[in-house]
Each structure stands twice: as C-alpha cells, then as structure tokens.
Amino acid sequence: MSDEREVLDVLTTNAREDIADIAAQTGLEEAAVEETIADLERRGVVHGYQAVVDWDRIDDGGVRAIVELNVALDRETGYEEIADRIAKFPAVDALHLVSGNYDFAVEVTGDSMQDVSGFVSEQVAPIPEVTQTVTHYIMETYKDGGIRFGDRDDDDRLSVSP
C-alpha cells in the first residue's frame, strides 16, 4: 500500500488525528506525513475535513432525501454541465453520476419534507434536461462516512426461539 493511501486511510477514519499519531500508525516519519497531507491537499485529492454526524440524534436535524434524476442529453449539453448546475444549490449535499435506471443520485437536505419537495419541484425539475425525478426520504441512517452508528437497539420485541 502506498504512503498516500495509508495516510488517507487514517484520515478517513479520524480526520482529527494528529501528525504524530498518523506517523505511528503508518510507520512514516512525521515530516513525511505532513508533506504527504500537504501534497494531497494541494493536488485536490483531499478537499476538506468534516465531522460525521448522526443527524437522527438531533431534534432539529432536518430532513434528508436521495433524489433520482433522469436527464436527456443533447449535442450541446453533457452530464458535466448538468452536474455543475445542480451542485451549485446549497441544499445539495452530494451528487453522483450513476449507472442503472437513472442518471444522477442527489443527496438533499431541508428543514422539512415540504422544503425538500419544494426544492426538487421548483429548482431541479425545471432544469430543461431533467426528464424525471424520484425522491426517497431517508428514514434512518445506520452507517455514514464509513462509520456505523450504534446503540440503535430500541427493539423491545421479545426474542422467540423455536
């Protein structure tokens, strides 16, 4: 495994890890870790550092949804141009070009279901190339950012053994 990959593996597990701990985990010198991280940031491999939040544990966590988009391309417009337009909206947390029955998967947040629905119907659906939208509201998150959320065993049903 490359030095870059080892440093990235540590950062994706805990972006707050300090240089000395990353060096100890990877077997690299601290100076090499600092140089690797600076290089990854400079090259745009690492775009930023974020906390992974279990929004379901926050009373006002808002509403999250995954929106499937189908688009019709023409000679002048490609996926990149459509993605650029959609990615500019603050409600869009993530945007992926995907294979399968639809073209884009868009992760959206809003204050309410009406907020998300309004965003999709008023901002996304009117884009000329968008031919169909399907919105899936996220009901529960069990894993995000590679981190599994625990303590969800609220199931008070009795176990039955045969």
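See the structure shown above.
Residues numbered from 1 in each chain as written. Predicted model: local features only at pLDDT ≥ 70, side-chain atom pairs only at ≥ 80, totals over all residues. Heavy atoms only, no water.

A. Seen up close, helix α4 (residues 79–87). All buried positions along α4 are accounted for by Ile-82, Ala-83 and Ile-86. The buried residues of α4 occupy an angular sector of 100° when projected down its axis, which confines them to one face. Elements that come into contact with the buried residues of α4 comprise β1 (63–71), β2 (92–97) and β3 (104–110). (Buried < 20%, exposed > 50% of the residue type's maximum accessible area, 1.4 Å probe, protein only. Helix = DSSP H or I, 4+ residues; strand = E, 2+ residues; numbered from the N terminus. Arc of directions from axis to C-beta. Contact = heavy atoms within 4.5 Å.)

B. Geometry of the sheet that holds β1. Here we have four strands laid out as an open sheet, ordered β2-β3-β1-β4, and antiparallel in their pairing. Sheet topology places β2 and β4 (130–137) at the edges, where each strand pairs with a single neighbour. For this sheet the average axis-to-axis angle between neighbouring strands, irrespective of direction, equals 20°. Here seven bridges tie β1 to β4, and the two strands are oriented antiparallel to one another. Within the sheet, the bridge partner assigned to Val-71 lies in β4 and is Val-130. In the packing of α4 onto the sheet, contacts are made with β1, β2 and β3, and the angle to β2 comes to roughly 170°. Of the strands in this sheet, β1, β2, β3 and β4 are in contact with helix α5 (residues 113–124), which crosses β4 at around 170°. (Pairing = 2+ DSSP bridges. Axes fitted to C-alpha atoms, helices over the stretch in contact; angles between N-to-C directions.)

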